[in-house]
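# Structural overview for review
Here is what each chain is made of, one letter per residue.
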Number of protein chains: 2
Amino acid sequence: MKRKIYLKMEPLDVARDILEKTFSGCRTGEEEIPSREADGRITSRPVGARLSAPSFHAAAMDGLAVEAAHTFGASDETPVTLRAAEGQAIPVNTGQPLPEGMNAVIMIENVLFRNQDREIVIRAPVYPWQNVRKVGEDIVATEQLYPTNHLLGPADIGALLTAGCPTVWVRRKPRVMIIPTGNELIDGSEADIAPPPGKTIESNSGMLAALAARAGAIPTVSPIIRDDYDTIKQHLRAAVDSEADMIMINAGSSAGSADYTVRIIEELGEVLIHGVTIMPGKPTILGVIGGKPVIGNPGYPVSSLISCEQFVQPLLARMQGLALPEKKLITAVLGKNMPSSGGMEEFRRMITGRIGSRFVTLPLKKGAGAITTITRANTILRIPASSEGENKGAVVALELLRPLDQVERTILCTGSHDLTLDVIHDFLKRSDPAYPLASTHVGSLGGIMAVKSGMTHVAGSHLLDPATGEYNTSYIRQYLNGQDVTLLTLVHRQQGFMVRSGNPKNIRGVEDLLRGDVTFVNRQGGSGTRVLLDYELDRAGLSAAGIRGYDFEEYTHMSVAVAVLSGKADAGLGIMAAARALQLDFIPVTEERYDLLIPTEFMTTPGIMQLLNIINSNPFKKKVEKMGGYSTRETGNIVTQ
Amino acid sequence: MKRKIYLKMEPLDVARDILEKTFSGCRTGEEEIPSREADGRITSRPVGARLSAPSFHAAAMDGLAVEAAHTFGASDETPVTLRAAEGQAIPVNTGQPLPEGMNAVIMIENVLFRNQDREIVIRAPVYPWQNVRKVGEDIVATEQLYPTNHLLGPADIGALLTAGCPTVWVRRKPRVMIIPTGNELIDGSEADIAPPPGKTIESNSGMLAALAARAGAIPTVSPIIRDDYDTIKQHLRAAVDSEADMIMINAGSSAGSADYTVRIIEELGEVLIHGVTIMPGKPTILGVIGGKPVIGNPGYPVSSLISCEQFVQPLLARMQGLALPEKKLITAVLGKNMPSSGGMEEFRRMITGRIGSRFVTLPLKKGAGAITTITRANTILRIPASSEGENKGAVVALELLRPLDQVERTILCTGSHDLTLDVIHDFLKRSDPAYPLASTHVGSLGGIMAVKSGMTHVAGSHLLDPATGEYNTSYIRQYLNGQDVTLLTLVHRQQGFMVRSGNPKNIRGVEDLLRGDVTFVNRQGGSGTRVLLDYELDRAGLSAAGIRGYDFEEYTHMSVAVAVLSGKADAGLGIMAAARALQLDFIPVTEERYDLLIPTEFMTTPGIMQLLNIINSNPFKKKVEKMGGYSTRETGNIVTQ
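This write-up is about the structure you can find in this document. (Residues numbered from 1 in each chain as written. Chains lettered and ligands numbered in written order. Predicted model: local features only at pLDDT ≥ 70, side-chain atom pairs only at ≥ 80, totals over all residues. Heavy atoms only, no water.)

Right, let's talk about the sheet that holds strand 18 (residues 270–274) of chain B for a bit. All names here are of chain B. The six strands are arranged 16-13-17-21-20-18 in an open sheet whose pairing can be described as mixed. Both edges of this open sheet fall to strand 16 (218–221) and strand 18, since each of them pairs with a single strand only. For this sheet, the mean angle separating the axes of adjacent strands, direction not counted, is 20°. With four bridges connecting them, strand 18 and strand 20 (residues 285–289) associate as antiparallel partners. Residue pairing for strand 20: Glu270 is matched across the bridge by Val288. Helix 1 (residues 12–22) contacts strand 18, strand 20 and strand 21 (292–297) of the sheet and is inclined by roughly 155° relative to strand 18. Strands strand 17 (246–250), strand 18, strand 20 and strand 21 of the sheet are contacted by helix 5 (residues 261–268), whose axis makes an angle of about 30° with strand 20. (Pairing = 2+ DSSP bridges. Helix = DSSP H or I, 4+ residues; strand = E, 2+ residues; numbered from the N terminus. Axes fitted to C-alpha atoms, helices over the stretch in contact; angles between N-to-C directions. Contact = heavy atoms within 4.5 Å.)

Turning next to the packing of helix 4 (residues 229–241) of chain A against helix 5 (residues 261–268) of chain A. Residue and element names in this part refer to chain A. Between helix 4 and helix 5, the least distance of the axes is 10 Å, while the angle of their chain directions is 50°. The orientation of helix 4 relative to helix 5 falls into the category oblique. In the packing of helix 4 onto helix 5, the handedness of the crossing is right-handed. Here helix 4 contributes Tyr229, Ile232, Lys233, Leu236 and Arg237 to the contact with helix 5, which in turn contributes Arg263, Ile264, Ile265, Glu267 and Leu268. In the contact of helix 4 with helix 5, the residues fall into six nonpolar, no polar and four charged. (Parallel < 35°, antiparallel > 145°, perpendicular 65-115°, else oblique. Left-handed = near helix turned anticlockwise from the far one by under 90°. Nonpolar A, V, L, I, M, F, W, Y, C, P; charged D, E, K, R; others polar.)

Take helix 12 (residues 528–539) of chain A next. Residues and elements named next belong to chain A. Helix length check: helix 12, at 12 residues, gives a terminal C-alpha distance of 16 Å against a target of 16 Å (1.5 Å per residue), a fit within 8%. The complete set of buried residues in helix 12 reads Gly528, Thr529, Arg530, Val531, Leu532, Leu533, Glu536 and Leu537. In the stretch just after helix 12, Gly541 is the one whose phi turns positive, near 70°. (Expected span 1.5 Å × (residues − 1). Buried < 20%, exposed > 50% of the residue type's maximum accessible area, 1.4 Å probe, protein only.)

This paragraph deals with the interface of chain A and chain B. Of the residues lining the interface, 111 residues belong to chain A; the matching set on chain B comes to 112 residues. Taking both partners together, chain A and chain B bury about 8,900 Å²; carbon and sulfur atoms supply 56% of that area. The tally of links between chain A and chain B comes to 10 salt bridges. For the salt bridge of Glu554 of chain A with Lys134 of chain B, the shortest nitrogen-to-oxygen distance reads 3.1 Å. The interface formed by chain A and chain B includes 32 residue pairs in polar contact (both at pLDDT 80 or more). (Buried area = accessible area lost by both parts, 1.4 Å probe. Salt bridge = Lys/Arg side-chain N within 4 Å of Asp/Glu carboxyl O. Polar contact = N/O pair within 3.5 Å; in protein donor to acceptor, adjacent residues only side chain to side chain.)

As for its placement among the helices and strands, Glu554 of chain A is situated in strand 34 (residues 553–554). With 100 residues separating them in the primary sequence, Glu554 of chain A and Gly454 of chain A have C-alpha atoms 26 Å apart.

So this is what it looks like as structure tokens:
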């Protein structure tokens with residue numbers, strides 16, 4: 001183990017610049033491919049037409065081919081009669097060759113047949129070459145169809161075939177070798193095999209291969225290699241000697257004791273950059289061996305992704321003369337303070353939705369280790385290295401990760417967590433159009449406060465008023481005084497203690513939490529479950545002070561369940577569905593009501609109306625009842641406040 | 001042959017609506033695929049995590065695993081010493097499991113080793129679970145990772161693998177059978193085989209297949225079938241009975257005598273729409289047989305493309321729950337009057353570039369038969385059916401066909417045509433960044449007028465002043481009085497008569513054009529070549545009145561050459577390079593100077609500077625000299641006006 005040392009750390013723009021300059025002339029070779037397979041490829045030389053199109057004078061309309069001179073003078077007053085038998089008019093269809101001697105076509109709509117079609121009467125003249133597609137009108141043989149570096153699309157395939165070019169010279173797709181390294185990694189391609197303790201499924205290579213393919217490259221993923229100096233060196237040398245145009249070595253770039261990548265690149269070639277002042281993505285290595293780019297890509301999934309997007313994808317595109325799509329930007333109001341320590345450019349994953357006339361945005365967790373922070377996000381907020389962060393209410397620019405219309409239709413749901421929200425999300429995504437449901441879990445009170453500040457469409461809440469035994473209404477009166485909100489019941493659900501299978505600590509009720517041999521896992525302050533626990537303790541005349549783990553807080557039912565399953569705690573309070581999901585035992589404590597709180601102005605927006613349809617539907621209710629611990633007997637009821 | 005009859009003609013939006021409603025429930029089935037291959041696919045059911053991630057408590061930093069309680073109270077004043085031998089601190093790297101009994105990690109940067117690493121001094125405490133990635137922090141087993149209809153991206157592949165899902169259920173890609181019909185069509189896959197007279201290379205299927213693939217489908221192109229009732233019926237029935245999810249029958253939808261498609265669809269199923277009021281794309285047929293969509297796609301290439309984009313691609317996307325990217329819009333000033341007859345929505349192909357602070361746009365030819373009108377365009381102007389067109393100077397909305405930055409960098413070149421412009425285009429596209437050169441051919445005077453009205457960056461001109469024998473300068477004084485423009489010489493080039501090989505009509509000079517057995521093809525008024533012809537006639541004391549074909553005008557050197565090659569004319573005046581390209585004989589008449597006229601304000605823009613670099617470079621000059629008929633002796637010289 002050693003301290004992390006980045007000898008060649010640079011800001012993002014400097015690092016990108018160095019990479020670009022080093023490989024500015026680095027283009028892949030060319031190859032001749034069938035034009036029918038050329039969509040998305042780049043021409044590697046000018047393309048000349050081999051044939052003219054049309055290659056003959058062709059009728060541009062269905063009608064009669066004529067010599068234009070025969071029609072001159074025709075009008076309503078002085079119709080002209082052409083005689084078929086004398087060859088003065090010959091029927092032609094669109095695309096057919098113009099018969100010899102003819103130089104115009106009269107549209108079939110403009111003629112009158114008489115005398116068993118032997119006489120053709122016309123009341124207007126045609127001029128020479130009217131309704132005729134002349135030789136070369138579209139393409140002239142030998143003309144330059146495309147210059148070098150033209151991005152070929154579907155219409156270009158049509159033009160190439162038309163011009164007698166069944167093949168075309170294009171830039172070869174770059175080949176990328178992706179080498180995952182790490183002693184802790186195992187291959188995850190076998191289904192249903194849980195990794196042994198201490199082992200992790202190797203997952204970055206799949207993501208990196210897809211990112212490389214999106215940049216037009218052909219990725220190859222090598223087997224996982226061990227974090228061993230000789231092994232890495234041998235594989236890297238072989239990769240550089242292979243046909244690969246670029247090598248990515250993944251996870252070998254953390255500066256822990258297993259970090260040999262920098263040393264090996266330095267020995268075999270040159271390290272251009274070691275460390276970039278971005279977060280996630282800092283431990284990126286950019287190097288060159290034998291003229292080929294060698295990228296040390298960080299191990300944490302989000303770091304791996306951002307590093308690949310910032311360095312690998314642009315370089316791969318450049319090698320083919322391809323332009324990557326630009327990131328689209330929107331502006332949104334920030335719903336939370338986001339301090340930044342400065343010195344590093346941060347890429348924060350955000351959930352954004354439209355509320356009324358503006359977009360609002362909320363951050364997901366910061367950690368680069370959580371891949372779900374990027375899969376759940378629909379936008380990215382970049383906080384510059386020079387910034388100390390952004391304050392709640394600031395208008396910030398966001399990069400879109402999803403199409404704008406999906407962000408527009410996103411329903412924001414902030415507040416307490418319940419598993420039936422996932423069911424709603426699934427039903428909403430099966431609607432037409434689909435409405436993504438983006439839920440962030442900040443507890444019931446957090447949800448009410450989000451409604452107050454206009455930062456959410458929906459808030460899930462199950463706050464018990466100990467004085468009245470009522471749910472939510474007194475809190476709404478207290479915090480949302482005067483705001484027009486609608487409260488409707490989503491479900492009734494069982495709350496109880498989750499304990500390991502077989503209930504080894506024999507927990508029966510709240511009083512057992514005070515036993516010296518029992519460790520508890522709590523929910524955060526402001527959550528309905530925390531309020532419920534305090535209520536139950538109070539009712540039993542017990543003090544929280546004696547509970548081991550009362551201060552150990554988790555933010556969702558599932559993370560409480562995990563804490564119990566992993567042995568970190570012996571018991572936690574939560575919903576039956578979470579216990580069932582992880583095969584924990586469940587000791588019921590009470591049934592509570594879980595409501596959705598919605599500003600009334602949103603009740604008639606298309607997304608919320610669809611959400612209400614779903615909640616009131618039988619398929620939804622059936623699915624929820626099947627989960628266990630839920631009752632839908634009042635689902636959809638509007639609660640009088 | 002019969003009149004075109006569209007029994008079920010509808011506007012675009014009505015037709016799209018009918019198609020959408022008819023196939024609203026039409027989704028492809030599902031299939032289980034490796035998650036590593038799932039980029040761009042759509043989930044067909046909710047996806048649940050099978051494993052938690054992390055699956056063990058893992059170090060989030062390189063450092064020492066400790067029990068947090070041992071560190072409480074540590075400060076600069078009261079450092080705490082941990083003893084390695086007693087197991088109070090155990091080295092761990094990022095990602096490694098936390099040793100049994102430990103619940104926090106101290107960063108390696110924050111410790112001081114002493115006494116040969118046996119003592120570890122710390123000056124700040126860590127709290128429980130600090131720098132630890134807890135079980136399930138990212139993903140909890142059983143939780144819903146994705147709802148139905150989620151578009152999977154690269155990061156999702158990482159999340160699926162991490163969550164123990166090496167495979168995923170996705171919507172099957174729809175299979176599209178593309179059937180080209182037409183007696184005049186031949187297969188163009190063999191290189192260098194020119195089609196026999198009256199035959200045309202089948203090219204639409206390649207374009208349609210690429211469009212279908214872009215909408216996520218798997219296209220299959222059947223062999224070309226004959227325009228024969230029984231043949232088409234038999235193939236259509238077989239296609240409907242096959243695994244295909246959609247059938248496209250191409251070119252069978254023109255309402256000429258070969259049109260059986262509508263009748264057959266009506267017999268086997270139902271015609272929903274026959275004819276759409278769009279241009280190009282009118283003869284579209286939308287039908288349904290056995291529940292499967294059957295699309296009659298028009299034969300003209302641009303009609304075929306637009307019909308496919310408007311009907312086939314959206315339907316294919318819909319079948320998978322996929323969203324097609326929206327067309328991006330820009331606004332531009334129209335450089336030309338564009339009348340529209342009304343009643344039909346027109347899709348006009350446009351060339352657009354930025355001139356100063358605004359985009360300007362010019363139409364390409366209207367004809368649906370010219371595939372190059374779509375391959376050369378970078379934007380589309382849609383003129384609604386209710387409109388009578390747009391006037392020059394109007395601000396219009398355009399759909400982008402190319403990335404915005406490419407449109408931004410487009411150099412507009414309007415005026416006289418010269419083949420060296422294609423060479424410049426090739427060099428500009430090989431520059432970094434690339435500058436597309438979009439040339440429209442309106443003759444020298446047209447180019448000068450485009451400079452006057454601010455509609456072009458560059459104008460090619462070779463206008464001879466008969467009074468002085470000078471090129472261009474007197475015209476510039478006359479038309480651009482006071483405007484600051486720079487005139488520079490591109491090339492000197494041979495102008496002469498193009499005649500068929502062997503010069504069968506024995507043409508020696510202008511006087512031969514007046515012979516009764518000679519047909520001439522002229523250039524349009526305002527073109528430099530037309531001015532040159534008139535000058536030469538005048539010098540010889542001849543009158544244009546006696547020339548057969550003096551009024552038969554073409555707009556480019558190449559189309560004049562084609563007119564001669566195809567026998568439409570015996571002679572035309574033009575440049576040597578055009579004659580050489582089509583192996584015509586060339587009788588020199590004179591050498592002329594061809595200049596580029598550029599508003600001086602653009603001379604220092606990046607695009608024009610790059611163009612000037614190219615013109616002054618040796619590789620460019622060498623390439624031009626090799627074309628024949630050109631001299632570069634004054635290339636790049638600035639002409640004193």
